[in-house]
Amino acid sequence: MLTKFETKSNRVKGLSFHSRRPWILASLHSGIIQLWDYRMGTLIDRFDEHDGPVRGVDFHKSQPLFVSGGDDYKIKVWNYKMRRCLFTLLGHLDYIRTVKFHHESPWIVSASDDQTIRIWNWQSRTCISVLTGHNHYVMCASFHIKEDLVVSASLDQTVRVWDIGALKKKSVSPADDMMRLAQMNTDLFGGGDSVVKYVLEGHDRGVNWASFHPSLPLIVSGADDRQVKLWRMNDTKAWEVDTLRGHVNNVSCVLFHARQDVIVSNSEDKSIRVWDMSKRTGVQTFRREHDRFWILSVHPEMNLLAAGHDSGMIVFKLERERPACAVQGGTLYYVKERSLRTYDFTSGKDNPLISIRRAGSMGLNQGPRTLSYNPAENAVLLCSDVDGGSYELYIVPKESNGRSEVAQEAKRGLGSSAIFVARNRFAVLEKNQNQIVIKNLKNEVTKKVTLPSLNTDLIFYAGTGNLLCRTEDKIVLFDLQQRATLGEVSTPFVKYVVWSNDMENVALLSKHAVVVANKKLVHKCTVHETIRVKSGAWDDSGVFIYTTLNHIKYCLPNGDSGIIRTLDVPVYITKVSGNSIYCLDRDGKNRVIQIDATEYTFKLALIQRKFDQVLHIVQSLQLCGQSIIAYLQQKGFPEIALHFVKDEQTRFNLAVECGNTEVAVASAKEIDEKDCWHRLGVEALRQGNHEIVEYAYQKTKNFERLSFLYLITGNVEKLAKMLKIAEMRGDVMGRFHNALYLGDVQERVAILEECNHLPLAYATAKVHGLTEAAEELERQLGDNIPSLPDEEKSALLMPPRPILQENNWPLLVVSKGLFEGIFTETVGAADTDGDDGAAGAWGAEIDIVEPEGLDGETVIVVPEEDRGDDEEGGWEMEDLEIPADAHAPEVSFEAAYFVTPSAGVQKSQNWIQSSSLAGEHAAAGSFDSAMRLLSRQLGIHNFKPLKNIFLELHLASQALLPTLVSVPELPLFLERGWTDSTPINAKGSPAILTKLSSLEGKLKVAYKTTTEGKFTEALRLFLDILHTIPVVVVDSRKEVDEVKELLGIAKEYTLALKIELKRKEPALKDDLKSQSELAAYFTHCQMQPTHLKLSLQSAMSICFKAKNYNTAASIARRLLELNLSPAVASKTRQVLQVCEKNPRNEMELNYDPRNPFVVCGATYTPIYRGSRDVSCPYCKARFVPETANSLCPVCDLAVVGADASGLLCSPSQMR
């Protein structure tokens, strides 16, 4: 059984596959209906309107509907697009067991514990027939897929087949339904339109399930008598064909497989069984440890089944559907329907070569898994799972046409996998012996080679004389001649290996990742996928094309990946040629899929810096979309993106981001929105281009910013004009600010006087020595003259003038690149004219419209080019009076222009790019990625104890280098293992504060504190070690083992000390039973001999005082086995002597020293060997199952029972 998807939930009682989408409905005993995407592994929706368990659920074949029936006697019809219940059908008087849609008619059939079957019209929402006859609960009912029949199973030990042909012939319009409803109500127990055709009797107990074969006149049933029965029927009768025995408890559900001649059943004996229909024997059995099975569902189109059990459901396949194949040159060799076939990629011809039939070879999962072809000898090796792993060697005749009915006799042998390694040699893996056997084409052993890795379970071709050996976490390149390891790479569990045509690169495909390496297994890149990776092939240009369940994707040599197109059904790529992808589908049919390779060809040309090719693609406008624009920005080519984007808003955003103010101004003019002008002003100000800043502020009428710009650039003349504009606009604050900027005291006094702030006006005039104005204000104020301090020395406070009053900052002048030059040539003369106009607008003077006749109206300021013939007020641009000898500097825009230097990548960013060590991510300051790594590797979800450790690591990995006064310090990144000879741009690793030696020192202190009996302090130290280990980084494999050993020690002592501190709680002081138990458990933690002796002495004393002599005696015997001092040994023997005279316990303890156990870290109770338990993924502490999904009480970091890949603390683990 190949499990494709699994859920954890309440008991699943009903299942239904969607006919086209990768969806499955699961109805739960808790009353919830879940809608899952089994391909993506995500919960799409949940529906919870039923009151009580939902036992039946079914998708409609074509409409966006599903139906459910539950213990609340209700049948509900739902629309999953609208995500709500459309209506409820009422009529059943007891629990509803199953509900099913008809394949064509608008009908639903339901079976109920009220001993009836009802057929409903879901369009008219009425019951159109009641089928009565069963005299016990009806457990299931379903329509035949083609004929007008219904089959039902009941606890009255019968299976009934009902003929509903008369019902089908009658009209099912809503009006007729309503007319017939009254008639039906008079005869509650059925009518003439649905009659019993057969009653199948043969089961000794209640029948739980019965179902039709989709095409043959067969019925299968399962019952509480633990038997599965097969029935055949014709037009007149039905009879029992055979009984399938094997289940050891009630059979819950039984179905025919949609695409194979097998029967699948499940049972409360916690097993799923597969039966051969022709032989009527069991083929396979799949068991679960603790869960009873309740329901089965089969996909109507695909080779998929689903089973619901006590704690969720599984979606699975019975066997692999991938055809075994191999490509040699322009020919594909593959196995289909017990024959070896060839497919010519050039001509498209498909020909059979030889028959490979063999008795018993085509059972479930018995077909060929892999195929290896030898072109020199025209030989084929087929590997399968027959007999636990075997191979067959065929020599294909030169003139073979595959039409011979007699299968060629193959040379066979046992082995996990077999591949050709030379012209006349092939290698066979013997897993049990951990060796490779080299054989010739006569199937004779020529030599044996011991493998480099102990756990090698599969071998792949790696060139003549070389093999790739797979273990659980790595791939090893092995030379058979030299018997030496040439290279290795750490990978997730690899399923398939694909070599490039030139054998220079290899792609290693695992379930959710693609690892690309060169021929020496030097890692190049890894692409992670959320959906399963299925197959792949190399393009001629060096791009790896691969498929997932629903996409064709590409992977570039630098690790960039993307989607080429979506797939309706999974396919297996065999060859990529230009825009054509050759592939096999699950039925073994060759397909050619046309793709658009422009995107990855463009990206590859960028990476390889083939700019002529890039230019050709850009000019042909074959690319579009935000993803390409984002990619060009990310890779440092914003100028390319800028020139082939037509949307003005996107052009503006790109221009602002890459600092191209020239294009930004042009786009802003087209868009002409306030936000765009504001962003342009901010970017131009950052570059120091005051002319564009001025123009942007003018367009947005941002007078305050404009005034401040003139202030910082020292343009007093324009500041004075801004003062007049503010006066004309009636902007008092604007006038005052401009007067303040200009140092115009008289204007400030006048403004304050106009605003009736006479005391402030007087103070301003008096302080600045404006005697006449002050005297005038004195008269107006009378007795309210404010008192001012006497200051002999006072001066007018003026804003400082800029030393260098140039318009723009000096900029770098750089040569234009290839693309800018070419794109500029294509722009044309129109843009040149526009540039002249724009330059004039930016550098223009500001003119003031005289306020005559305006009577205080607001004056609107606009650029000269936007002013028409009308005489509205606004910005008036006047010609500048430039001296004849003044010449503007001529700059050749064709030759050079400014490019903003791009920021480099921070050193801390380089540290984490290819690192999977959480400690290095924390040291680099990337706390989010460090937490994600710890969550994935160790199941850690509580990061509060790690906060200070993260901060210390980050602060310790950098130093601050003081520079000049008022200049900020320069951060200096400290690297591990750095020397003077280290290259400047070498990729390093951060210096890590926490070292293994410091943890070992802390461990010694914790040991000493424990010996002194300071348990609280010792617990703090051991917890500190537990909290530091996740971010420790070491260099060698040996140190990795030491870290893991330290983790185990810290866990044991933390648990032991928590047990002892629990015993010492005041609440348990008088509870002698708990005191004795906890003291005994304390002695079973793995501690140092010194601490073990102390714990045994303490436990012996406590149990002896509590008169638990039997337990005290067993502890005393353990104590005497240790190296004791004479005094302690004498006392222990005395205690043992007293206890043996009275070998009993005063109270019954939950403690059995003869039965091995571990102590639960949450409840502090023993978990004896053989009992169910769960563990912490980080510290490995064990717990009772009820603790699952809660925070680990021992380490206080990880979630108990969470999935985790394991501790990573060294770069050597990633190589």
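Residues numbered from 1 in each chain as written. Predicted model: local features only at pLDDT ≥ 70, side-chain atom pairs only at ≥ 80, totals over all residues. Heavy atoms only, no water.

**Side note on the overall build of the protein**
Piece 1. Each helix and strand counted, the protein has 29 helices and 63 strands in total.
Piece 2. Out of the 1215 residues in the protein, the part that is buried amounts to 50%.
Piece 3. A fraction of 49% describes how many contacts in the protein between residues 6 or more apart in sequence connect residues 24 or more apart.
Piece 4. Total accessible area computed for the protein in this model is approximately 59,500 Å², and 49% of it derives from carbon and sulfur atoms. (Helix = DSSP H or I, 4+ residues; strand = E, 2+ residues; numbered from the N terminus. Buried < 20%, exposed > 50% of the residue type's maximum accessible area, 1.4 Å probe, protein only. Contact = heavy atoms within 4.5 Å. Areas by Shrake-Rupley, 256 points an atom, 1.4 Å probe, with all protein chains shown as cover.)

**With respect to the confidence of the model for the protein**
Piece 1. Residues at a pLDDT of 70 or more form 86% of the protein, whose mean pLDDT is 83.
Piece 2. Taken together, the stretch residues 185–190 has pLDDT below 50 and engages in 6 contacts with residues farther than four places along the chain or on a different chain. (pLDDT = per-residue confidence, 0-100.)

**A word on the nonpolar core**
Piece 1. By size, the foremost hydrophobic cluster in this structure holds 74 residues, and its most contacted members are Phe-1022, Ile-1029, Ile-1059, Tyr-1178, Cys-1179, Phe-1183 and Cys-1195.
Piece 2. Looking at which element gives the most residues to this core, the answer is helix 25 (residues 1037–1063), with 10 residues.
Piece 3. Apart from the residues within four sequence positions on either side, Tyr-1178 is in contact with Leu-938, Leu-1026, Ile-1029, Pro-1030, Leu-1047, Cys-1195, Leu-1197 and Ala-1198.
Piece 4. If you look at the next biggest cluster of nonpolar residues, it comprises 56 residues, including Phe-5, Ile-32, Tyr-198 and Leu-218. (Core = buried A, V, L, I, M, F, W, Y, C linked by side-chain atoms within 4.5 Å.)

**Details of the sheet that holds strand 44 (residues 484–490)**
Piece 1. Pairing within the open sheet is antiparallel, and its 4 strands lie in the order 41-42-43-44. Looking at strand neighbours, the two that pair on one side only are strand 41 (458–461) and strand 44, the edges of this open sheet. Averaged over all pairs of adjacent strands, the angle between their axes in this sheet comes to 25°, without regard to strand direction.
Piece 2. Summarising the sheet, strand 42 (residues 466–470) and strand 43 (residues 474–479) pair through 5 bridges and their orientation is antiparallel. Bridge pairing in strand 43 links Leu-468 to Leu-477. (Pairing = 2+ DSSP bridges. Axes fitted to C-alpha atoms, helices over the stretch in contact; angles between N-to-C directions.)

**Topic: the pattern of salt bridges**
Any two side chains of opposite charge can pair, so long as their charged atoms come close to each other.
Piece 1. Counted by the stated rule, this structure contains 38 salt bridges.
Piece 2. Residue Arg-779 is joined to Glu-776 by a salt bridge in which the shortest nitrogen-to-oxygen separation is 2.1 Å. Separated by 3 residues within a single helix, Arg-779 and Glu-776 lie in helix 16 (residues 771–781), roughly one turn from each other.
Piece 3. Glu-776 gets classed as partly exposed once you look at its relative accessible area, which sits at 33%.
Piece 4. Here Arg-1020 ties to Glu-1017 by a salt bridge, and the two come within 2.6 Å at their closest N and O atoms. Of the two residues, Arg-1020 and Glu-1017 both sit in helix 24 (residues 1015–1028), 3 residues apart, roughly one turn of that helix.
Piece 5. A relative accessible area of 45% places Arg-1020 in the partly exposed class.
Piece 6. Within the structure, one salt-bridge network assembled from shared partners comprises Glu-6, Arg-288 and Asp-291. (Salt bridge = Lys/Arg side-chain N within 4 Å of Asp/Glu carboxyl O.)

**What about unusual backbone geometry?**
Negative phi is the rule for most residues except glycine; trans is the rule for most peptide bonds.
Piece 1. Notably, Gln-157 is not glycine yet its phi reads approximately 75°, a positive angle.
Piece 2. Relative to the helices and strands, Gln-157 resides in the loop between strand 15 (149–154) and strand 16 (158–163).
Piece 3. For Arg-226, which is not glycine, the phi torsion reads 70° and is therefore positive.
Piece 4. Position of Arg-226 among the secondary structure elements: in the loop between strand 19 (218–223) and strand 20 (227–233).

**Structural notes on the packing of aromatic side chains**
Piece 1. Inspection of every chain in the model, using the stated rule, returns 30 aromatic pairs.
Piece 2. Ring centres 5.1 Å apart and planes at 55° place the aromatic pair Trp-538 and Phe-544 in the tilted group.
Piece 3. On the basis of relative accessible area, Phe-544 is assigned to the buried category, the value being 0%.
Piece 4. Pairing Phe-708 with Tyr-741 gives two aromatic rings, centres 6.5 Å apart and planes at 65°, and the pair type is edge-to-face. Here Phe-708 is found in helix 11 (residues 703–713), whereas its partner Tyr-741 is found in helix 13 (residues 732–742), with 33 residues between them in sequence.
Piece 5. Given the relative accessible area of 18%, Tyr-741 is considered buried.
Piece 6. Counting every residue linked through ring pairs, the aromatic cluster contains Trp-23, Phe-47, Phe-59, Phe-66, Trp-78 and Tyr-80.
Piece 7. One cation-aromatic arrangement involves Lys-237 over Trp-239; the distance from NZ or CZ to the ring centre is 5.4 Å.
Piece 8. Sitting above the plane of the Tyr-496 ring, Arg-322 keeps its charged end 3.9 Å from the centroid. (Phe/Tyr/Trp six-rings, centres within 6.5 Å; stacked < 30°, edge-to-face > 60°. Lys NZ or Arg CZ within 6 Å of the ring centre and 35° of its normal.)

**Side note on the environment of Ser-68**
Piece 1. Looking at where Ser-68 falls in the secondary structure, it is placed in strand 7 (residues 65–70).
Piece 2. Separated by 10 residues in the primary sequence, Ser-68 and Asp-58 place their C-alpha atoms 6.7 Å from one another.
Piece 3. Setting aside chain neighbours within four positions, we find Ser-68 in contact with Ile-33, His-50, Val-54, Gly-56, Val-57, Lys-74, Ile-75, Lys-76, Trp-78 and Val-99.
Piece 4. At a separation of 2.7 Å, a polar atom in the side chain of Ser-68 contacts the side chain of His-50. (Polar contact = N/O pair within 3.5 Å; in protein donor to acceptor, adjacent residues only side chain to side chain.)

**Here we look at the side chain of Asn-942**
Piece 1. Tracing the backbone shows Asn-942 in the loop between helix 21 (927–938) and helix 22 (947–956).
Piece 2. For Asn-942, the residues in contact, after removing those within four places along its chain, are Leu-1191, Asp-1196 and Leu-1197.

**A closer look at the sheet that holds strand 49 (residues 533–538)**
Piece 1. Ordered in space as 49-50-51-52, the 4 strands form an open sheet in which the pairing is antiparallel. The sheet terminates laterally at strand 49 and strand 52 (561–566), the two strands that pair on one side only. Each neighbouring strand pair of the sheet contributes to a mean axis angle of 25°, computed without reference to strand direction.
Piece 2. As paired strands, strand 50 (residues 544–548) and strand 51 (residues 551–555) are joined by 4 bridges and run antiparallel to one another. Its bridge partner lying in strand 51, Tyr-546 is registered against Lys-553.
Piece 3. Against the sheet, helix 3 (residues 598–607) makes contact with strand 50, strand 51 and strand 52, and its axis sits at roughly 10° relative to strand 51, the strand it touches most.

**Side note on a nonpolar patch on the surface**
Piece 1. Taken together, the side chains of Leu-961, Leu-970, Leu-972 and Leu-974 present a nonpolar region at the surface, about 320 Å² in accessible area.
Piece 2. Judged by relative accessible area, Leu-961 falls into the partly exposed class, the value being 42%. (Patch = residues over 30% accessible without salt bridge, like charges linked within 9 Å, V, L, I, M, F, W, Y side chains within 5 Å.)

**A few points about the packing of helix 26 (residues 1072–1082) against helix 27 (residues 1089–1105)**
Piece 1. Put simply, helix 26 and helix 27 touch, their axes get as near as 9 Å, and they point 160° apart. Put simply, helix 26 runs roughly antiparallel to helix 27. By crossing handedness, the relation of helix 26 to helix 27 is classed as left-handed. When helix 26 is examined against helix 27, the residues Gln-1075, Ser-1076, Ala-1079, Ala-1080 and Phe-1082 are found in contact with a partner set consisting of Ser-1095, Ala-1099, Ile-1102 and Cys-1103.
Piece 2. Here the residues of the contact of helix 26 with helix 27 are counted per class, giving 6 nonpolar, 3 polar and no charged. (Parallel < 35°, antiparallel > 145°, perpendicular 65-115°, else oblique. Left-handed = near helix turned anticlockwise from the far one by under 90°. Nonpolar A, V, L, I, M, F, W, Y, C, P; charged D, E, K, R; others polar.)

**Description of the pairing of strand 31 (residues 339–344)**
Piece 1. The pairing of strand 30 (residues 331–336) with strand 31 spans 6 bridges and is classified as antiparallel. By the bridge assignment, Lys-336 is partnered in strand 31 with Ser-339.
Piece 2. Counted between consecutive antiparallel strands, the loop separating strand 30 from strand 31 contains 2 residues, among which Glu-337 sits at a positive phi close to 50°.
Piece 3. As paired strands, strand 31 and strand 32 (residues 350–355) are joined by 5 bridges and run antiparallel to one another. Bridge pairing links Arg-341 to Pro-352 in strand 32.
Piece 4. Taking the residues between adjacent antiparallel strands as the criterion, strand 31 and strand 32 are bridged by 5 residues, where Gly-348 takes a positive phi near 80°.

**With respect to the environment of Phe-316**
Piece 1. By the element assignment, Phe-316 lies in strand 28 (residues 312–317).
Piece 2. Residue classification places Phe-316 among the buried residues on the basis of a relative accessible area of 0%.
Piece 3. Sequence-wise, Phe-316 and Leu-305 are 11 residues apart; in three dimensions their C-alpha atoms are separated by 5.4 Å.
Piece 4. Not counting chain neighbours up to four residues away, the residues in contact with Phe-316 comprise Met-1, Leu-2, Thr-3, Lys-4, Ile-272, Leu-296, Asn-303, Leu-304, Leu-305, Ala-306 and Ala-307.

**Looking at the packing of helix 28 (residues 1109–1120) against helix 29 (residues 1126–1141)**
Piece 1. Relative orientation of the contacting elements helix 28 and helix 29 amounts to 145°, with a least axis distance of 9 Å. The crossing of helix 28 and helix 29 is left-handed. Contacts between helix 28 and helix 29 involve Tyr-1109, Ala-1112, Ala-1113, Ala-1116, Arg-1117, Leu-1119 and Leu-1120 from the first element and Ala-1129, Thr-1132, Arg-1133, Leu-1136, Cys-1139 and Glu-1140 from the second.
Piece 2. In the contact of helix 28 with helix 29, the residues fall into 9 nonpolar, 1 polar and 3 charged.

**Looking at helix 12 (residues 716–729)**
Piece 1. With 14 residues, helix 12 extends 20 Å from end C-alpha to end C-alpha; this agrees with the ideal 20 Å at 1.5 Å per step.
Piece 2. Close packing links the buried residues of helix 12 with helix 10 (690–700), helix 11, helix 13 and helix 14 (745–754).
Piece 3. Once helix 12 ends, the next one or two residues include Gly-730, with phi positive near 75°. (Expected span 1.5 Å × (residues − 1).)

**Digging into the side chain of Lys-229**
Piece 1. Structurally, Lys-229 can be placed in strand 20.
Piece 2. For Lys-229, a relative accessible area of 4% corresponds to the buried category.
Piece 3. Reaching out from Lys-229, the side chain makes a polar contact with the side chain of Gln-227 at a distance of 3.4 Å.
Piece 4. Within the structure, the side chain of Lys-229 is placed 3.0 Å from the side chain of Glu-240, a separation counted as a polar contact.
Piece 5. Here Lys-229 is in contact with Gly-202, His-203, Ile-219, Val-220, Ser-221, Glu-240, Asp-242 and Thr-243, once residues within four sequence places are set aside.

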